[in-house]
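One-letter residues, chain by chain:
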Amino acid sequence: MSKERETPEMRREKLRQEEIKRNPTTGNVSDAFNRSENGNLVDLVGGLSWKATGVILLILIGFFAAFIFLR
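Residues numbered from 1 in each chain as written. Predicted model: local features only at pLDDT ≥ 70, side-chain atom pairs only at ≥ 80, totals over all residues. Heavy atoms only, no water.

The next point concerns the overall build of the chain. Regarding its fold elements, the chain presents 4 helices and 0 strands. Looking at the 71 residues of the chain, the share that counts as buried comes to 4%. Surface exposure of the chain reaches about 6,600 Å², of which carbon and sulfur atoms provide 65%. (Helix = DSSP H or I, 4+ residues; strand = E, 2+ residues; numbered from the N terminus. Buried < 20%, exposed > 50% of the residue type's maximum accessible area, 1.4 Å probe, protein only. Areas by Shrake-Rupley, 256 points an atom, 1.4 Å probe, with all protein chains shown as cover.)

Listed below in structure tokens is the structure:
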């Protein structure tokens, strides 16, 4: 696939795969620790459709509004 038609997701995945090939142990260990500490919003949203992402945002906004107004 040419670079002009390459999406940002494909570019990120290609860079991640190259890093794993160069340094498999450190990359995997680092990824595991970082995900367990911080979570990974990019992977969460990247795996969902735009509708599912919208539903999650609406739910979070609803909880926030309920917390503020029902205090």
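Below, the discussion takes up the side chain of Glu 6. In this fold, Glu 6 is placed in the segment before helix H1 (8-22). Within polar-contact distance, the side chain of Glu 6 engages the side chain of Lys 14 at 2.8 Å. Those residues in contact with Glu 6, other than ones at most four positions away along the chain, are Arg 11 and Lys 14. (Polar contact = N/O pair within 3.5 Å; in protein donor to acceptor, adjacent residues only side chain to side chain. Contact = heavy atoms within 4.5 Å.)

Moving on: the pattern of salt bridges. Where charged atoms of side chains with opposite charge meet at close range, the side chains can pair. By the definition in use, this model includes 4 salt bridges. Where Glu 6 meets Arg 11, a salt bridge forms, and the shortest distance between an N and an O atom there is 3.5 Å. Judged by its relative accessible area of 10%, Glu 6 falls in the buried class. Overall, Arg 11 belongs to the partly exposed group, its relative accessible area being 40%. For Arg 16, the salt bridge identified is with Glu 13, shortest N-O distance 2.8 Å. With Arg 16 and Glu 13 both in helix H1, this residue pair falls 3 residues apart, about one helical turn. Classification of Arg 16 as partly exposed rests on a relative accessible area of 35%. A relative accessible area of 36% places Glu 13 in the partly exposed class. Here the salt bridges share partners, and the residues they tie into one network are Glu 6, Arg 11 and Lys 14. (Salt bridge = Lys/Arg side-chain N within 4 Å of Asp/Glu carboxyl O.)

Glancing now at the confidence of the model for the chain. In the predicted model, the chain carries a mean pLDDT of 77, and 65% of its residues have values of at least 70. The lowest-confidence element of the chain is helix H2 (residues 24-38), averaging 62 in pLDDT; the highest-confidence one is helix H4 (residues 50-69), averaging 91. (pLDDT = per-residue confidence, 0-100.)

Attention now moves to a nonpolar patch on the surface. Taken together, the side chains of Leu 48, Ile 56, Leu 57, Leu 60 and Ile 61 define a hydrophobic patch exposed on the protein surface, amounting to about 440 Å² of accessible area. Mapping Leu 57 onto the fold places it in helix H4. A relative accessible area of 48% places Leu 57 in the partly exposed class. (Patch = residues over 30% accessible without salt bridge, like charges linked within 9 Å, V, L, I, M, F, W, Y side chains within 5 Å.)

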